[in-house]
Amino acid sequence: MSRLDEDESSPVLCLVLAVALFALAWWLYTVIGRYEASGEALRMHRMAGLLYQTAGKWGAVGAPALIGAFFLALSIRNWRRS
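Described in the following lines is the structure provided in the data block. (Residues numbered from 1 in each chain as written. Predicted model: local features only at pLDDT ≥ 70, side-chain atom pairs only at ≥ 80, totals over all residues. Heavy atoms only, no water.)

## Some words on the overall build of the chain
- Of the regular secondary structure elements, the chain holds three helices and zero strands.
- N-terminal to C-terminal, the α/β element order of the chain is α-α-α.
- Here the C-alpha atoms of the chain give a radius of gyration of 16 Å, more than 25% beyond the 12 Å that 2.2 N^0.38 yields for 82 residues.
- Counting only C-alpha atoms, the chain reaches 50 × 25 × 15 Å along its principal axes.
- When each of the 82 residues of the chain is scored for burial, the buried share is 23%.
- Taking the contacts inside the chain whose residues are at least 6 apart along the sequence as the reference set, 73% of them involve residues at least 24 apart.
- Surface summary for the chain: the accessible area is close to 6,300 Å², and the carbon and sulfur share equals 65%.
- Put simply, the chain has 8 plus and 6 minus side-chain charges, and the middle of one group is 7 Å from the middle of the other. (Helix = DSSP H or I, 4+ residues; strand = E, 2+ residues; numbered from the N terminus. Rg over C-alpha atoms; globule rule 2.2 N^0.38 Å. Buried < 20%, exposed > 50% of the residue type's maximum accessible area, 1.4 Å probe, protein only. Contact = heavy atoms within 4.5 Å. Areas by Shrake-Rupley, 256 points an atom, 1.4 Å probe, with all protein chains shown as cover. Lys, Arg positive; Asp, Glu negative; His and termini not counted. Charge placed at Lys NZ, Arg CZ, Asp CG, Glu CD.)

## Notes on the packing of helix H2 (residues 11-38) against helix H3 (residues 46-81)
- The interhelical angle for the contact between H2 and H3, taken along N-to-C directions, is 165°, at an axis separation of 7 Å. Between H2 and H3, the angle falls in the class roughly antiparallel. With respect to the hand of their crossing, H2 and H3 are arranged in left-handed fashion.
- Partitioned by chemical class, the residues of the contact of H2 with H3 number 24 nonpolar, four polar and two charged. (Axes fitted to C-alpha atoms, helices over the stretch in contact; angles between N-to-C directions. Parallel < 35°, antiparallel > 145°, perpendicular 65-115°, else oblique. Left-handed = near helix turned anticlockwise from the far one by under 90°. Nonpolar A, V, L, I, M, F, W, Y, C, P; charged D, E, K, R; others polar.)

## A word on a nonpolar patch on the surface
- The grouping of Leu 24, Trp 26 and Trp 27 at the surface amounts to a nonpolar patch, some 380 Å² of accessible area in total.
- Residue placement: Leu 24 occurs in helix H2.
- On the basis of relative accessibility, which here comes to 37%, the residue Leu 24 falls in the partly exposed class. (Patch = residues over 30% accessible without salt bridge, like charges linked within 9 Å, V, L, I, M, F, W, Y side chains within 5 Å. Salt bridge = Lys/Arg side-chain N within 4 Å of Asp/Glu carboxyl O.)

Right, here's the structure in full:
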């Protein structure tokens, strides 16, 4: 068994991941908005591009924000348990 199987995830680590994912979502929102306003072509990562093509701007921004919300909830749950 590895150490990760024995210990719960740290609330601080989950909080850092949540903040990083919220920052990524905000950055994607501003970059995509800027390129949509200018009409220029935007090159992006394949997964973000797939989300953008299928669900639009809010799909590409919402995915990291939703994962960030999950990590925030996980951080709060682990903080209350400790």
